[in-house]
Amino acid sequence: MSDQYGGASAPAPRKVTVPDLVAMKRDQKRITMMTAYDAAFARLVDQAGIDVILVGDSLGMVVLGYPTTVPVTMDDMVRHAAAVSRGASRPLLVGDMPFGSYQAGPADALHNAARFLKEAGMDSVKVEGGAEVVETVRALTANGIAVMAHVGLTPQRVAQLGGFKVQAKTARAARKLIDDALALEDAGAFSIVLESVPAPVAALATEHLRIPTIGIGAGVDCDGQVLVLHDVLGLFGDFKPKFAKRYADLGAQVVGALREFDREVREGSFPTADETFTMKESELLSLQRSMAQQKAG
Ligand code: KIV
């Protein structure tokens, strides 16, 4: 037996939890994470067997059409995260705290993180940053909110970093990144994203941390990997980082399908009888008679 997408159909599997991810690191099982922003794609990501869905603030770039993630608001994130939680049941769900929702300090961060859990059905939240967010991570985890950290290239700081550039390329910067990661682990983070860092730096961080590392542009030695859904499916062409492997070209398929619709409508070959409703001949005759009488006078 298989489902409509060719996967085996079986009873709904148990939901992935935060302790499951830590156990996967211990058991040397690789973790898969993918972004999603709506119920339809969340359902498909779930069916593919992915362990974690990140409702990333990449939403701003790949869905909302902004040039960076900076303009994304808490309301944007809650609306999309709630849709994702209606679509997915097995993956662990992570809501990405947008720029300005946690930088003012732990009280603000607690208020906004709670919105992800209460209004959007998320299991956990993610915050970008190193030493400067350690106290915020400590406050969130002390109050029962599971936190995924994110170091390396932190897109919310793109202006300060001077663009989407590889980070931690010197021994000194790499040492700071690893020290930050260890401090975030100590503050209670359950996992950490390493974005755009040299593979040997990510490998060393992975070796020294007890919590799992999830890499994006950080090499194969991380405990797991994450990519942005629209990059994977070929639905976003504005910006293509080196690490963003395209597994499908749905963008081309979408344009092809829409061009066919456009042509068929213009030439009158859509809709056909198969896509059309009709009515009883007697009802039609009666309608035509009444319209003719009205026209006659
Ligand atoms: O917003 C996002 O999609 C992310 C991933 C790139 C990790 O933070």
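These figures come from a predicted structure and were not determined experimentally.

Conventions adopted
- Position numbers for residues count from 1 along each chain, tracking the sequence in the order it is written.
- pLDDT decides what is reported in this predicted model: residues at 70 or higher carry local features, side-chain atom pairs at 80 or more are listed and counted, and totals for whole chains, interfaces and linings draw on all residues regardless.
- As a rule here, side-chain values cover all heavy atoms of the structure and leave hydrogens and water aside.
- For each structure, a 1 Å grid was placed over the protein atoms alone; sets of points admitting a 1.4 Å probe that cannot get out are labelled cavities, open sets with protein on both sides within 12 Å along at least five of seven lines are labelled pockets, and lining residues have an atom within 4 Å of a point.
- Grid points are joined across faces, edges and corners, and a volume is the space filled by probe spheres set on the points.
- Helix and strand assignments come from DSSP, with helices taken as H or I runs of at least 4 residues and strands as E runs of at least 2, each series counted from the N terminus.
- Residue polarity follows a fixed list, in which Ala, Val, Leu, Ile, Met, Phe, Trp, Tyr, Cys and Pro are nonpolar, Asp, Glu, Lys and Arg are charged, and the others, Gly among them, are polar.
- Only protein chains enter the area calculation, which uses a 1.4 Å probe; residues under 20% of their type maximum are buried, those over 50% are exposed, and those in between are partly exposed.
- When DSSP finds at least two bridges between two strands, those strands are taken to pair.
- By convention, a crossover is right-handed whenever its connection, traced from the first strand over the helix to the second and viewed with the strands pointing away, goes clockwise.
- Working definition: residue near molecule or strand if any one of its non-hydrogen atoms lies within 4 Å of it.
- Pairs of N or O atoms within 3.5 Å make up the polar contacts considered here, provided that, within protein, one atom can donate a hydrogen while the other can accept it, and that residues adjacent in sequence are counted only when both atoms are side-chain atoms.
- Each accessible area value is a Shrake-Rupley result obtained with a 1.4 Å probe; residue values ignore everything except the protein chains displayed when judging cover.
- Placement in a cavity or pocket follows one criterion, namely that more than half of the molecule's atoms lie within 2 Å of its grid points.
- Between two residues, a contact is recorded if the distance between any of their heavy atoms is within 4.5 Å.
- Put simply, a nonpolar core is a bunch of buried Ala, Val, Leu, Ile, Met, Phe, Trp, Tyr and Cys residues held in one set by side-chain atoms that sit within 4.5 Å of each other.
- The rule is short: rings of Phe, Tyr and Trp, with Trp giving its six-membered ring, pair when the centres are within 6.5 Å, and they are stacked under 30 degrees, edge-to-face over 60, tilted in between.
- All axes here are fitted lines through C-alpha atoms, helices being fitted over the stretch that makes contact, and every angle between N-to-C directions spans 0 to 180 degrees.

**Here we look at the layout of surface pockets**
Point 1. Approximately 670 Å³ is the volume attributed to the largest pocket.
Point 2. Here the lining of the largest pocket takes 3 residues from strand β8 (residues 224–227), the largest share from any one element.

**Thoughts on empty space enclosed by the protein**
Point 1. Evaluated as defined, the whole model comprises 1 cavity of 30 Å³ or more.
Point 2. Taken as a whole, the largest cavity spans an internal volume of roughly 30 Å³.
Point 3. Considering the residues around the largest cavity, the lining is formed by Asp-231, Phe-236, Phe-239, Lys-240, Pro-241, Ala-244 and Arg-246.
Point 4. Of the residues that constitute the lining of the largest cavity, the class distribution is 4 nonpolar, no polar and 3 charged.

**Points about the pairing of strand β6 (residues 191–195)**
Point 1. Of all 5 residues that make up β6, 5 are buried, and the element is covered over most of its length.
Point 2. Burial along β6 is two-sided: Ser-191, Val-193 and Glu-195 and Ile-192 and Leu-194, pointing in opposite directions, are all buried.
Point 3. Across 5 bridges, the pairing between strand β5 (residues 146–152) and β6 is parallel. Residue pairing across strands places His-150 opposite Val-193, the latter belonging to β6.
Point 4. Inspection of the sheet shows β6 paired to strand β7 (residues 213–216) by 4 bridges, in the parallel sense. Bridging from a neighbouring strand, Leu-194 pairs with Gly-215 of β7.
Point 5. Regarding the hand of the β-α-β motif, the stretch spanning β6, helix α9 (residues 199–208) and β7 is right-handed.

**Focus on the site of the ligand**
Point 1. Within the structure, the ligand sits among Thr-35, Leu-54, Gly-56, Asp-57, Ser-58, Asp-96, Lys-126, His-150, Glu-195, Ile-216 and Val-228.
Point 2. Side-chain polar atom of Ser-58 to an oxygen atom of the ligand: 2.5 Å apart, as the coordinates give it.
Point 3. At 3.1 Å, a side-chain N or O of Asp-96 approaches an oxygen atom of the ligand.
Point 4. When the ligand is considered free in solution it has 260 Å² of accessible area, and contact with the protein chains removes 96% of it.
Point 5. Here the ligand occupies the largest pocket.

**Looking at the environment of Leu-93**
Point 1. The residue Leu-93 is located in strand β3 (residues 92–96) in this model.
Point 2. Overall, the relative accessible area of 3% leaves Leu-93 in the buried class.
Point 3. Sequence spacing of Leu-93 and Gln-288 is 195 residues, and the spatial spacing of their C-alpha atoms is 58 Å.
Point 4. Beyond its immediate sequence surroundings of up to four residues, Leu-93 is in contact with Lys-15, Ile-53, Val-84, Ser-85, Ala-88, Gly-121, Met-122, Asp-123 and Ser-124.

**A closer look at the side chain of Asp-180**
Point 1. Looking at the element boundaries, Asp-180 is found in helix α8 (residues 171–186).
Point 2. Of the residues examined, Asp-180 reaches a relative accessible area of 11% and is grouped as buried.
Point 3. In this structure Asp-180 touches Gly-130 and Ala-131, once residues within four positions along its chain are discounted.

**Some thoughts on the nonpolar core**
Point 1. In this structure, Leu-184, Ile-192 and Leu-194 are the most contacted members of the largest nonpolar core, which totals 77 residues.
Point 2. It is helix α4 (residues 74–87) that contributes the most residues to this core, 6 residues altogether.
Point 3. Ignoring any residue separated from it by four or fewer positions in sequence, one finds Leu-194 in contact with Val-151, Leu-177, Ala-202, Ala-205, Thr-206, Thr-213, Ile-214, Gly-215, Ile-216, Ala-218 and Cys-222.

**Observations concerning the packing of aromatic side chains**
Point 1. Following the criterion strictly, the structure yields 1 aromatic pair and no others.
Point 2. Ring centres of Phe-261 and Phe-270 lie 6.0 Å apart, and the angle between their planes is 65°; this geometry places the pair in the edge-to-face category.
Point 3. Since its relative accessible area comes to 33%, Phe-270 is described here as partly exposed.

**Side note on the sheet that holds strand β4 (residues 124–128)**
Sheet strands pair via backbone hydrogen bonds, and the direction of the pair is either parallel or antiparallel.
Point 1. In space, the 8 strands of this closed barrel follow the order β1-β2-β3-β4-β5-β6-β7-β8, with parallel pairing throughout. With direction set aside, neighbouring strand axes in the sheet form an average angle of 25°.
Point 2. Bridge analysis of β7 against β8 gives 2 bridges, and the strand direction is parallel. Bridged to Ile-214 within β8 is Gly-224.

**Some words on unusual backbone geometry**
Point 1. In this model, Phe-270 is joined to Pro-271 through a cis peptide bond whose omega is 0°.
Point 2. Relative to the helices and strands, Pro-271 is located in the loop between α11 (250–267) and α12 (281–296).
Point 3. Despite not being glycine, Gln-28 shows a phi value in the positive range, around 55°.
Point 4. Here Gln-28 shows up in the loop between α1 (18–26) and β1 (31–35).
Point 5. In the Ramachandran plot, Ser-196 falls in the positive-phi region, its phi being about 50° despite a non-glycine side chain.
Point 6. Of note, Ser-196 is situated in the loop between β6 and α9.

Purely spatial values, then, with no claim about function.
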